[in-house]
Amino acid sequence: MNWKFWLTPAEPRARYALLLAIGVVILMTLTYGVWYPGGPGLAAFATVTAIVVAHVSAKLIMRS
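For clarity, every value in this text was computed on a predicted model and none was experimentally measured.

### Some points on helix α2 (residues 13-30)
Consideration 1: The terminal C-alpha atoms of α2 lie 25 Å apart, and with 18 residues this matches the ideal 26 Å at 1.5 Å per residue to within 8%.
Consideration 2: The complete set of buried residues in α2 reads Tyr 16, Gly 23, Val 24 and Met 28. Looking down the long axis of α2, one finds its buried residues gathered within 120° of arc, a one-sided arrangement. Exposed positions of α2 whose direction lies more than 90 degrees from the buried face are Ala 14, Leu 18, Val 25, Thr 29 and Leu 30.
Consideration 3: Packed against the buried residues of α2 are α3 (32-38) and α4 (40-63).

What counts and what doesn't
- Residues numbered from 1 in each chain as written.
- Predicted model: local features only at pLDDT ≥ 70, side-chain atom pairs only at ≥ 80, totals over all residues.
- Heavy atoms only, no water.
- Helix = DSSP H or I, 4+ residues; strand = E, 2+ residues; numbered from the N terminus.
- Expected span 1.5 Å × (residues − 1).
- Buried < 20%, exposed > 50% of the residue type's maximum accessible area, 1.4 Å probe, protein only.
- Arc of directions from axis to C-beta.
- Contact = heavy atoms within 4.5 Å.

Written out as structure tokens, the structure is:
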């Protein structure tokens, strides 16, 4: 497994940042009903999870 590929942002970085931001906004919107009543701890967990999922999605989109 190529760890450098997964742990660095994709090139071009502007497109990667845009895909990441859109992914995080969409995922946080979809999971709002779960993390909002759960308080700040669950909101932080949902945010970190959304960032990881959006990062992987952006890398896979930009690979093709």
